[in-house]
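Listed here are the chains, written in short residue letters.
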Amino acid sequence: INQLIDYVGYNFSALLEIQGYAKFNAIFDFWESLVGLVSCGLFIVLFRPSLLVLGIFHLLLDITGTIYYMYLTFEKNGWFEQYHDGMVTPMQLSMLEPMKSMARKTLPLTLISLEGYVHSILLTIFASYQGAAEAATWILLSYVWEFVEMIPLT
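Structural notes, computed from the coordinates. Because the structure is a prediction, the values reported are computed rather than measured. (Residues numbered from 1 in each chain as written. Predicted model: local features only at pLDDT ≥ 70, side-chain atom pairs only at ≥ 80, totals over all residues. Heavy atoms only, no water.)

Observations concerning the overall build of the protein chain
Our working definition: Numbering of helices and strands runs from the N terminus; a helix is a DSSP stretch of H or I covering at least four residues, while a strand is a stretch of E covering at least two. Think of it in three bands: residues with accessible area under 20% of the maximum for their type are buried, residues over 50% are exposed, and the middle band is partly exposed, with areas taken using a 1.4 Å probe on protein chains only. Throughout, a contact is declared for two residues whenever any of their heavy atoms are within 4.5 Å. Each accessible area is a Shrake-Rupley estimate made with a 1.4 Å probe; only the visible protein chains count as cover when residues are assessed.
Scanning the protein chain for helices and strands turns up 6 helices and 0 strands. Going residue by residue from the N terminus, the α and β elements of the protein chain occur as α-α-α-α-α-α. Put simply, the protein chain has 154 residues, and 22% of those count as buried. Of the contacts made within the protein chain by residues no fewer than 6 positions apart, 76% connect residues no fewer than 24 positions apart. Put simply, the protein chain shows about 10800 Å² of open surface, and 71% of that area lies on carbon and sulfur atoms.

Okay, structure coming up:
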């Protein structure tokens, strides 16, 4: 579920970057990572959660971040207004060839996303064998990594 939420947000952010809003995405990702790192750290210190509860908390943070991102981009700034009709219109048969062309062109990005998903699964399996404290460390390090990754872009 977490990966699906991340990929939905990733696809919308990629569209915004094409439109010239890469700086907005970088700043949003920076703050989302920072808030996630601080929130998880405080949650661990204050509540000493089990690994399952920490994972659910991490999922809730992702859902909240995605909803807030959608609010900022769709409602507040209206950056997707020009795509509204296309997003809610059913696909026609005349659009089949352009859709096939788009699918062929997006295959490399799909493979990159799949690689990220497999990477995440492997890290999760590795962390589960290490124990709860190490797994919590992996979650916190993922926030640190996202934070460091976004610094050059802001």
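Focus on the packing of aromatic side chains
The condition is simple: The pairing test for Phe, Tyr and Trp rings, Trp by its six-membered ring, is centres within 6.5 Å, and the orientation test on the planes gives stacked under 30 degrees, edge-to-face over 60, and tilted for anything in between.
For the coordinates displayed, the defined rule picks out 13 aromatic pairs. Judged by centre distance (6.4 Å) and plane angle (25°), the ring pair of Y68 and Y71 falls under stacked. Note that Y68 and Y71 are positioned in helix α3 (residues 51-76) at a spacing of 3 residues, about one turn of the helix. Where F74 meets F80, the ring centres are 4.6 Å apart and the plane angle is 25°; that geometry is what we call stacked. Grouped by ring-pair contacts, the aromatic residues Y21, F24, F28, Y68, Y69, Y71 and W79 constitute a single cluster.

Quick notes on the nonpolar core
Test applied: To define a nonpolar core, start from buried Ala, Val, Leu, Ile, Met, Phe, Trp, Tyr and Cys residues and group those joined through side-chain atoms within 4.5 Å.
The biggest cluster of nonpolar side chains holds 8 residues, and these are C40, F43, I44, L54, F57, A136, I139 and Y143. Every element with two or more residues in this core is listed here: α2 (22-47), α3 and α6 (132-150). Setting aside its immediate chain neighbours within four residues, I139 contacts C40, L54 and H58. Listed in part, the 6 residues of the second largest apolar core include L16, Y69, L72 and W79.

Quick notes on unusual backbone geometry
At R48, a position not held by glycine, the phi torsion is positive, near 45°. Along the chain, the position of R48 falls in the loop between α2 and α3. Owing to a relative accessible area of 67%, R48 belongs among the exposed residues under this scheme.

Observations regarding the pattern of salt bridges
Operational definition: For salt bridges, the criterion is a side-chain nitrogen of Lys or Arg within 4 Å of an Asp or Glu carboxyl oxygen.
Using the criterion set out here, one finds 1 salt bridge in the structure. Between E97 and K100 there is a salt bridge; the shortest N-O distance is 3.6 Å. Highlighted residues: E97 and K100, both in helix α5 (residues 96-130), separated by 3 residues, approximately one helical turn. Note on E97: relative accessible area 52%, which makes it exposed.

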